[in-house]
Every structure is written in structure tokens, then in C-alpha cells.
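# Reading the structure
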Amino acid sequence: MSDSENREGFSGRSEQNSYESGEVSGLDFIRETITRDVNAGKYGGRVRTRFPPEPNGYLHIGHAKSICLNFGIAEEFPNAQCNLRFDDTDPAKETPEYVASIKEDVSWLGFDWEDRLYYASDYFEQMYEFAVKLMKRGKAYVDSLTPEQIQEYRGTLTEPGRASPYRDRSVEENLKLFERMRAGEFEEGAHVVRAKIDMNASNIHMRDPAIFRIRHVSHHRTGDKWCIYPMYDFAHCLSDSIEGITHSLCTLEFEVHRPLYDWILDQLEVHHPQQIEFAPLNLTYTVLSKRRLTELVEGGIVDGWDDPRMPTIAGFRRRGYTPAAIREFCRRVGVTKFTAQTEMALLEHCIREDLNKHAPRRMGVLYPLKVVIENYPEDTEEELEAVNNPEDPSMGTRKVPFSKVIYVERNDFREDPPRKYHRLAPGREVRLRYGYFITCQDYVKDENGEVVELRCTYDPETRGGQAPDGRKVKGTIHWVSAAHALDAEVRLYDRLFMTPDPTDVEEGEDFKQNLNPESLQCVGAKVEPSLQDAEPGYRLQFERQGYFCVDPDTNPEGKVVLNRTVSLKDTWAKIEKKQRQG
RNA sequence: UGCCUGGUGGUGUAAGGGUAGCACAACUGGUUCUGGUCCAGUUAGUCCGGGUUCGAAUCCUGGCCAGGCAACCA
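Attention here is on the structure that accompanies the text.

The rules behind the values
- Residues numbered from 1 in each chain as written.
- Chains lettered and ligands numbered in written order.
- Predicted model: local features only at pLDDT ≥ 70, side-chain atom pairs only at ≥ 80, totals over all residues.
- Heavy atoms only, no water.
- Helix = DSSP H or I, 4+ residues; strand = E, 2+ residues; numbered from the N terminus.
- Rg over C-alpha atoms; globule rule 2.2 N^0.38 Å.
- Contact = heavy atoms within 4.5 Å.
- Areas by Shrake-Rupley, 256 points an atom, 1.4 Å probe, with all protein chains shown as cover.
- Lys, Arg positive; Asp, Glu negative; His and termini not counted.
- Charge placed at Lys NZ, Arg CZ, Asp CG, Glu CD.
- Pairing = 2+ DSSP bridges.
- Buried < 20%, exposed > 50% of the residue type's maximum accessible area, 1.4 Å probe, protein only.
- Axes fitted to C-alpha atoms, helices over the stretch in contact; angles between N-to-C directions.
- Parallel < 35°, antiparallel > 145°, perpendicular 65-115°, else oblique.
- Left-handed = near helix turned anticlockwise from the far one by under 90°.
- Nonpolar A, V, L, I, M, F, W, Y, C, P; charged D, E, K, R; others polar.

### Describing the overall build of chain A
- The secondary structure content of chain A amounts to 15 helices and 25 strands.
- Relative to the globule expectation of 25 Å for 582 residues, the C-alpha radius of gyration of chain A, 31 Å, shows a markedly less compact shape.
- Seen through its principal axes, chain A has C-alpha atoms that stretch 100 × 70 × 50 Å.
- Pairs at least 24 apart in sequence give 70% of the contacts found in chain A among residues at least 6 apart.
- Total accessible area computed for chain A in this model is approximately 27500 Å², and 46% of it derives from carbon and sulfur atoms.
- Positive and negative charge centroids in chain A, built from 78 and 99 side chains respectively, lie 3 Å apart.

Right under this line is the structure:
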């Protein structure tokens, strides 16, 4: 340490000390910036963030990243708060239904906006006044070019734009026109209010961007009060300013908008939050753009926004994901400016980790194969004690009924077992989970050559799973008693797309070509009777299979419907695959 | 071709002039009444070239590559 001081001289010393104090080391760049700002007393040391969705679709896992960031920061910094604000400035697309779904999803994720629920539409009057102020200062004007002309005048990425002939209208004329726009005297597209900045700017967003346009459309909250609506760039920075936001966090695509964000607030001389951009989430084997998700829903490719295959919050909820798992995923993903591709495997790891600790274990047979235990008495049944969760003894035990005829998993028997297969096969002995050792004596095939029934014998001495003579079995399999089993509809979900990046397609081709035709498979399963009264949303593990969740489609009088959240890791499947390949 | 941003194992991230670390994935092995969990271990990385420095992932410089930006959408 003293060596380094000798070599370093004085430059940067105090900076380095602040790093070494550990206050920012290890933080993501946004939390680091905020920490510095707080320490420097910027904004009076205050921290205020916001989550600003547009209510024009359902929230997805990418939004969860933003929610966890914004609300997470509010929890971490002293006295910090996060607002929920609906960015509802395009009445044609926004609905109260989307507002409701977004509120539900944010609170389901575990965040609370308390009394800070806001809408950009709350500020329409103020925004109108701000536009007037800009006009009075000669910094905005009413343009009467057609949309096509405006586009033409804007220039391109490499060529500068040209000034509209209306650019130098007098303040009085601008004000008068703007008033008449508000009064509804004009058709949509007849006029638009533009900020007067610089038609030669290399950043296209600074070439006199539109800030108010005419829309004769009812708004989901303001009804027909307005027929002019502010544009995103105008509304967003001013909403942030009005709410006293300190750090306005958004995704990378808004980076080029920041000069405009800053320009508007500077011109108006109002509270000026700092916009900081981070990379949006990309997940393998799915799509996360609102446009594509909407296409899947409207094209009937999935069964609504909450289809368990959808990467929406509602979809994951229905699939059986927990808020804690999603929050943990967002934490592990981190926050950077680098465009990343996060693997779905990480999300799956997070849900397995959570459910392994908390989900009760049950037995369910997905592809039932009948087994008759020949030496078990005909008219007897008994109850075997089963552990609810080996990870958590406090979850106790339950009784599982056992009788002469049971079901086991179809692939837990092989006529001709491959190497390393240690389940049932002719002459092989296995343990029934929490039950007896059984040995396969014979099997029955139907006319198609399908094995339809096993004839086994059991060893009465092995009740509970241990043999008094100390002999071991290689395999333990799950089962349900045929006489007691419940019929269940089990929906086995797999990834929606077959390729890691579904949007990576040849020119002229569509991402939907990469859809996985087997993303949903429904099976008629036999499950243990304890699931009789399971409520929708109930999560469990079917031993040796995976984690499942009772679907809202479950009807109290009908069959229970279960969604597979995620399968258990399957080492045997890997071995088998390797055997087949090599 | 203009502007902005960014490049650390297969993937996601940390290291803020001083031993390139963690997690996921993959692969070994051990434990196990779930081929789960758990435990131990292995493989594998600083985009490239110059420069500054005793020392560079880090600072400078020149390339290369990638992403974003031309709604009266957000």
C-alpha cells in the first residue's frame, strides 16, 4: 500500500479512496452513479425513480428487469421512492385493461408504489402550458406540412434536413393556431407543434421533433377532453420533472433521445432529472418485443397474453414461476450497457432453486402403465408415509394409499434395458418410492406390441423402502394406486421457439418459422389423491418429473389441470442421449 | 456513408494501474429411498495493433466488430 502511494503521486488519490471504501465497488454502473450523486449531495441527496410503462400490452420479463431495477433502487437507498407512472400519451393504443394487468403484475412481483400511482395524462394541462411557454420563447412552432412532407424535410441519417416554410411563424400566430388545435378546429395531421432546434443536427431527434399532435380519439382516462396529445419526448421528460424524479432509467434505444430530453428541460428551466440508459433484456429461445408478442397473441399462436409459454409476467405466473425466482433472475442478470443474450437456462435455474426449497413433493404418473402386484392381497389397501419435502422437514409427511394395482411411468419399464438403466425390466427389482420393493415377473402386450401391463411381485419385508437383509436396489420409481388415483390433465410446456435467437432469420422470412411445434403437449395423468382440493396457483413437485402448478382452468367438479413449470434436471436423459449418439 | 453506444470463458457478470473472481451451462467423481437436491473437482476468458508504466482488462491512440437511431409510436 505504501509502495503504491509512493509510485502513484497525488493524482486521483481521493477518488481512489472512495472506491477503496467499498461503497461503489461491485455495484452496477447505475447504482454506482446514484451512490456518487447521493454522496455528492446532488438533488439534495434525494433518490426518486419511476417505472413508466405504456398501457398498450402486457408486461414481460424484460419489464421485470426494469421494475426490479427501479423499485429495487428505491428499496436500497435511504428515503428513496419509486413511482408507477403510466405513459399514456397515445390514446389509440391504450386501454384500462392493460393498466389493470400492469398494476397486477408489478404488485405480484412484490413491489409497492403506495400512493404514487401517476399517469402522464394527469399532466396534459401542464404540458400544454409548457408548449405555450416554448412558443413564447421562440423555441416551438406550429408546422402545417403534411406528415409526408415533414418526413421529406427531415433529411436522412447522412443528409441534413431543411427548414419547414412554417418554421418562422410569429409567436402570436403560433399561439393562436395551437389554441385552435386544442379547440378541435383541425383535422388530424393538419398541424403539429414542433420544437425549434436544429434541422442540421447529426442526431435526427434534434431536427425539430414533433411535441404535440392532433388525435381525435377518446383517451382511456381523459375521454374527449383533449384532441391534441403530447409526444413521448415531450411528455416523458416533463412527467419525470413534475414528479421530481432524480434518475430516469430507460433502455438503450432512448440514448439518442437524451439530448432532446435535456434540451426540453433546459429550455423550460425546470427540475432536471438525469436519464441513464441500460441494455434491455434478451432471452434465448423467446422473443420480447411487444410487437412480436402481440403478433403471437393476435395470430392465435398462443392462447392469450397469459399463455404459460409466453415470456410475459402473466404467462410466467400461470406457468408456476414465483416472484422470488424472477427477482433473483433479474439480480443475476445484472445491469450493463452491453447488448447481451441471457440464457433461458439461467431463468430455469432460478425457478428450480426456489421450488426445490419450497414446493411440496407429490407423486403423479404422466404416462401411466398398469402394474398388478400378484402376491398382494386383493381386497387390501394401506397407507404409506411419504415425506413432503426432504429439503424442509418442517413441511411434514402425508399418507399415500397403496393397493394391488398401481400405475407406474411407462418409461420406467424396458423389455430390453440398455446399459446403466436401473429401473424395471423383466426380472429386475426396484423400490417403489416410500413403498415396497417389487420385481417384474412378466408383462403383457396388446395386439400392436405395446406393453400394456406389468405383472410383479412385492416383498412384504421391504415396507417403507428398506430390506431387512440389507440388499440394495439401483432404482426408485414413483407410482400411484390405481383405485385411488385422480385423473388429471397435465400440460407439458417446452420452449416456444426452437432456435436460440428466433428473430435471426433470412431476409424476407419470419420469426414465426422458428416456432416449436411441440411447445405444448397435453397428457392424461394419474395423480395421488391428495391433489383433490388443490387450488389454482398451487405449486408442487412431482417426484422425478418436475415442478407443476394448478392451472385456473381447473374446475372443482372436473379434472385437475396442471401446468409443468419446469422439468427436473434429468441425468439419465443425458446418458441415454449419449448412448444413442455413440 | 452520418451520429450515439458498447466489446472479459459457451452464457451473464466482477476486478476502477498490482494474483483475471463469481454464477449459469458443460464435463468428472462422491453422497442419496427423487438418475432431483447437496458436496468436491475439471474445461474455458480480457476483440486486434501500437503507446504510457516496474506493472494495463483498466489510461492514451489507431483499427476491427456488434448494437441503436430517419412514427404526427413509446
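Following the structure, the description resumes.
### Thoughts on the sheet that holds strand β11 (residues 364-365)
- Strand order in the open sheet made by the seven strands is β10-β23-β24-β25-β21-β22-β11, with mixed pairing throughout. Only two strands of the sheet have a single neighbouring strand rather than two, namely β10 (361-362) and β11.

### As for unusual backbone geometry
- In this structure, Tyr43 is a non-glycine residue whose phi angle is positive, near 55 degrees.
- Although it is not a glycine, Glu269 sits at a positive phi angle of roughly 55 degrees.
- Secondary-structure assignment places Glu269 in the loop between α10 (258-268) and β9 (274-278).
- By relative accessible area, Glu269 is classed as exposed at 61%.

### As for the pairing of strand β5 (residues 192-195)
- Alternating residues of β5 divide into Val192 and Arg194 and Val193 and Ala195, and every residue in both groups is buried.
- By the bridge criterion, four bridges tie strand β4 (residues 140-143) to β5 in an arrangement that is antiparallel. Counted as the bridge partner of Asp143 is Val192 from β5.

### Looking at the pairing of strand β16 (residues 429-432)
- Relative to strand β17 (residues 437-445), β16 runs antiparallel, the two sharing three bridges. Each residue of the ladder has a partner; that of Arg431, found in β17, is Phe437.
- Connecting the antiparallel pair β16 and β17 is a turn made up of four residues, with Tyr434 showing a positive phi of about 60 degrees.

### A word on the environment of Lys103
- Residue placement: Lys103 occurs in helix α5 (residues 96-108).
- Residues Lys103 and Leu117, 14 residues apart in the sequence, show an inter-C-alpha distance of 9.4 Å.
- The residues touching Lys103, leaving out its near neighbours within four places in the chain, are Leu84, Phe86, Trp113, Leu117 and Tyr119.

### Points about the packing of helix α13 (residues 323-333) against helix α14 (residues 344-358)
- Close contact between α13 and α14 brings their axes to 9 Å; oriented N to C, the two are set at 135 degrees. Overall, the two elements α13 and α14 adopt an arrangement that is oblique. Here the hand of the crossing between α13 and α14 comes out right-handed. Packed against α13, whose contacting residues are Ala324, Ala325, Glu328, Phe329, Arg332 and Val333, the element α14 presents Leu346, Leu347, His349, Cys350, Ile351, Glu353 and Asp354 at the interface.
- Along the lines of polarity and charge, the residues of the contact of α13 with α14 split into eight nonpolar, one polar and four charged.

### Focus: helix α9 (residues 232-242)
- Here α9 lies mainly inside the structure; nine of its eleven residues are buried.
- If you check which residues of α9 are buried, you get Asp233, Phe234, Ala235, His236, Cys237, Leu238, Ser239, Asp240 and Ser241.
- Downstream of α9 by a residue or two, Gly244 has a phi angle that is positive, lying close to 70 degrees.

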